[in-house]
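# Structural characterization, general
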Amino acid sequence: MANVAWSQGEDNTWAFGKQAGISFNSGSPVSFSSAINGYGEGCASVSDASGQLLFYTEGTDVWDRNGNLMPNGSDLTSLPYIMVNPTSPVSPTSSSTQGALIVPVPYQQGKYYIFSLSSQPQEMGADAGKLYYSLVDMSLNGGLGDVVPGSKGILLSTDLDEKMTGVTGDRCNIWVITHKKATNTFLSFEVTSAGVNNVPVASAAGSANPFHYILGTIKVSPDRKRLVSCNTYQLLFAAMGSMELFDFDPATGLISNGMLLDNFATYGAAFSPSSQKLYVSRYNNGQVHQYDISLQSAAAIAASRTLITSNHFTDLRLGPDSHIYMGGTAVSTSPINTLSVITAPDNSPATCGFVADAVPLAANTSFFAGFPNSVVVFRRDTQTSYRSVTVCFSESFQLYSDTLNQGWDYTWSTAETTHDIIVSSSGLYVVRYITPPCVLHVDSFNVSFQSPPPQVVVFPGCKGQANGYIAVTPPNGDTSNYFYVWYDDTAGIIQQHGPLSGDTLFTSTPGTYKVFITGTNGCDTSLTIVLDSARYETAFTVPDFVCITDTLKPHNLSYGSNNYIWDFGDGTYATDSSPVHVYAHPGAYSIILTTYPCGDTAIRTVFVDTMSAIKFNIEGEPFCEGKAILFYPQAPGMPDSLRWSVGNDSYTSGPGVWRYTFDTSGSFMVTVTAFFRACPDTSYLDTLTIHPFPLVNLGHDTTICSEGQPLRLRNLQPAIGKQTYLWNNGEEGPMTVVKHPAIYCLTVANEWGCSTTDSVEVFKDCYIDIPNAFSPNGDGLNDNFIPRQYLSSGLISFKMQIFNRWGQLIFETTSIDGRGWDGAFNGVAQPAGVYVYLVEASFVNGKAERYQGNVTLLR
């Protein structure tokens, strides 16, 4: 739909230039004198639907149809006038290429917005490119109209070029399109019945130098699909510019797919009525060219450029008579007092019908550059339709409201709001909806249901048996008489019946069959029915595992059958298509489904989990720190996995025994959770007390001299609680007396049965001196443990091993001149405490000796 409705009169009267005007109400342009004044570029005028002039403006002042300023219609922008020369100031908008635009307020009869756009920076400085809007109400001032107080000169945007046009949108709205200064961005402001949206839709679509956009017009094609931008940037002695063609989307206001068609400065443009041809005027030489924009590529369109005329420094305007108008031939600096015209703008350049100076203007009036901006016609049209629908052999029918699926706000008489509805009873159905740009549709459907669909049963037969058939019967309650004629896939008649209450075709041959049904009630139909090869399937699915409390629901996947026997394996049966079952006991059950009439079977196995509590038994007493403890889970069912929790730590194991070692003594909560395949998880909690080991310290290894005094060895740690003592020489008690070199061990057991053993070696000679402590703290003193005297006593072989209290080998060396043990294991410093050493050495005199004892690591 075009953006301007030429069949109406809103655009029939133009006021422009210096007191100029033309009227198209008689079918041809007739000149008259108007009161409009200004520089001559920006201007707009509007009439009512009958063509009667309402008002006109150059963006700053507003004149009524009698040529009088509206009482509140002057100085719409409050911006200063431009001093073209000291005696001829012009308004800040009339020197803007498209400084004025009039658009109706949607759904508000007699109200219009005037958009006012100030001119370029060379004229307006910091006030250049400001966009304002004001509201005109034609009911004011005795029907001559006036600007509504409080709705005058409302600032909408700034920093714009001298471009502005309007176009009808696709949602009962209007788009006011402008261009952002020094950018490639167009701005589309939406106008609705709610007002002007001050947040525009931005489209970064331009491809030319953004500074070229300052001067020149933008126009939208009648079909609202294209937008042209004529661009000029005025230099001191020349002008630069371009011309670009874009796609326009009236639904969103977006501008896209820019095509650069001319690198010459351009000013005015007009589309032909069919939107297939484009006419553009150049800025410097006044040449007017035609472009064929029906071509597919930018290169092809640019190549179609053809000169129509020269010396027309002008905007171009499509008139309500489908002619394109421009200013007359400019041969001197004299005012232009004629208009030239293209009478057949949809034709080729040779036949487009250009006529120079065809329309004389009224005396003492003149044209300068600009025509009134296109009038945006907003009108909500109404279209109605009525259809009678007879429905045969169906219980429902789908009603479509909008075959192109372009509408919105669907409202049916059934209160449904969808594009289409399904009805199942006779009656009148009405739907209201809107399509672009703002057409209200009222569609009525008179629906009459005559006969429900026949019932069709197809049985392809069992494999290896000739028992397939097709049965067609009237629906229940339908007492009409029907005639049936059956055809095979060669269109041969193979069976006729009627009038009967039903018809059955018995056959064993797979194929495609057609039956024609003729009814005495005026309903006729034909059915195409495929009789497949003997085909059936007996199949179902069940979960692999269920809990004893679950309801089993087999999923029947069978086809080609209509009778079922279920054997659940526990002595119970069912004949439903989709039965349910609950097992009373756990175990594995085989479910068998038998389908008829063909007697096929399918079998599946299901495992039924039991719902049971879990607990555990413990082995490993006494429960001492550092000792492995065995946990034996006790679960009557078959858990899939177990999770053990000790404090904040969790471990997953299988259903068997679980081993755990507590590093410290104390009271610990141990929880086991059983995870079953189908039944809910269950948990068990117990508290376990872990006892400490007694402390035993026999001190450092020592020596005893031959025939010297006996040594007394004792536990240097104080006794805690009840303790028992056992030496490896058989004595009991906290002390033993030794007279001979040897290794002496003491085992101390506490009252809970936890025991610790320590040993000390008594060497046979007094000169043997193995350190009993060292401090690996990096101070250079006693940082390593090594029997130093051995290393200077004719030693020829040497081996030393260090063990922790758990008997783990943590250091070993055979180096005769090595540094010994630095108190670390695998690079990790070991904690302070008592460690066991084992030393083996041989000397040059042939003697071999072995020593075992304790050394204390100090931190």
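These numbers come from a predicted model, not from an experiment.

## Brief notes about the overall build of the protein
- Looking only at helices and strands, one finds two helices and 70 strands in the protein.
- Relative to the 2.2 N^0.38 estimate, which gives 29 Å for 859 residues, the radius of gyration of the protein is 53 Å and therefore markedly larger than a compact globule would have.
- The principal-axis extent of the C-alpha atoms belonging to the protein is close to 155 × 100 × 55 Å.
- Counting every position in the protein, which comprises 859 residues, the buried fraction comes to 48%.

## Some details on the nonpolar core
- With 36 residues, the main nonpolar core has W566, Y583, I591, F631, W644 and F662 as its most contacted residues.
- Residue contacts for W644: discarding those within four places in its chain leaves F616, F631, P633, D649, S650, Y651, S653, W658, V670, T671 and V672.
- Formed by 26 residues, the second largest nonpolar core is a distinct cluster that contains L131, M164, F378 and W408.

## Here we look at the sheet that holds strand β52 (residues 628-634)
- Taken in spatial order, the three strands make up an open sheet running β51-β52-β55, and their pairing is antiparallel. Taken across any chain shown, the strands that pair with only one partner, and hence form the sheet edges, are β51 (615-619) and β55 (658-661). Neighbour to neighbour, the strand axes of the sheet diverge by 30° on average, direction disregarded.
- As judged from the five bridges shared by β51 and β52, these two strands associate in the antiparallel manner. Bridge pairing links N617 to Y632 in β52.

## Notes on the pattern of salt bridges
- Evaluated as defined, the whole model comprises nine salt bridges.
- Residue R317 is joined to D11 by a salt bridge in which the shortest nitrogen-to-oxygen separation is 2.9 Å. Linking R317 in strand β27 (residues 316-318) with D11 in the segment before β1 (13-16), this pair joins segments that are 306 residues apart in sequence. Just as R317 is buried, D11 falls in that class too.
- Here D315 makes a salt bridge to K219, at a shortest N to O gap of 3.1 Å. Of this pair, D315 sits in the loop between β26 (306-309) and β27 while K219 sits in strand β19 (residues 218-220), and the two are 96 residues apart along the sequence.

## So, the packing of aromatic side chains
- For the structure on display, the rule yields 41 aromatic pairs.
- On the numbers, 5.4 Å between centres and 40° between planes, the contact of F631 with W658 is tilted. Of this pair, F631 sits in strand β52 while W658 sits in strand β55, placing them 27 residues apart in sequence.
- Among the residues examined, F631 registers a relative accessible area of 0% and is labelled buried.
- Judged by centre distance (5.8 Å) and plane angle (40°), the ring pair of Y651 and W658 falls under tilted.
- Residue classification places Y651 among the partly exposed residues on the basis of a relative accessible area of 31%.
- Three or more aromatic residues joined by ring pairs make a cluster, and in this case those are F616, F631, W644, Y651, W658, Y660, F662, F668 and Y684.
- When the ring centre of F540 is taken as reference, the NZ or CZ atom of R604 above it lies at 5.9 Å.

## Some thoughts on the environment of D402
- Mapped onto the fold, D402 is located in the loop between β32 (397-400) and β33 (408-412).
- Exposure remark for D402: the relative accessible area of 6% places this residue in the buried category.
- Linking D402 and G166, residues 236 residues apart in sequence, is a C-alpha distance of 28 Å.
- Excluding anything up to four places from it in sequence, D402 contacts G407, Y410, H419, Y433 and T435.

About the cut-offs
Residues numbered from 1 in each chain as written. Predicted model: local features only at pLDDT ≥ 70, side-chain atom pairs only at ≥ 80, totals over all residues. Heavy atoms only, no water. Helix = DSSP H or I, 4+ residues; strand = E, 2+ residues; numbered from the N terminus. Rg over C-alpha atoms; globule rule 2.2 N^0.38 Å. Buried < 20%, exposed > 50% of the residue type's maximum accessible area, 1.4 Å probe, protein only. Core = buried A, V, L, I, M, F, W, Y, C linked by side-chain atoms within 4.5 Å. Contact = heavy atoms within 4.5 Å. Pairing = 2+ DSSP bridges. Axes fitted to C-alpha atoms, helices over the stretch in contact; angles between N-to-C directions. Salt bridge = Lys/Arg side-chain N within 4 Å of Asp/Glu carboxyl O. Phe/Tyr/Trp six-rings, centres within 6.5 Å; stacked < 30°, edge-to-face > 60°. Lys NZ or Arg CZ within 6 Å of the ring centre and 35° of its normal.

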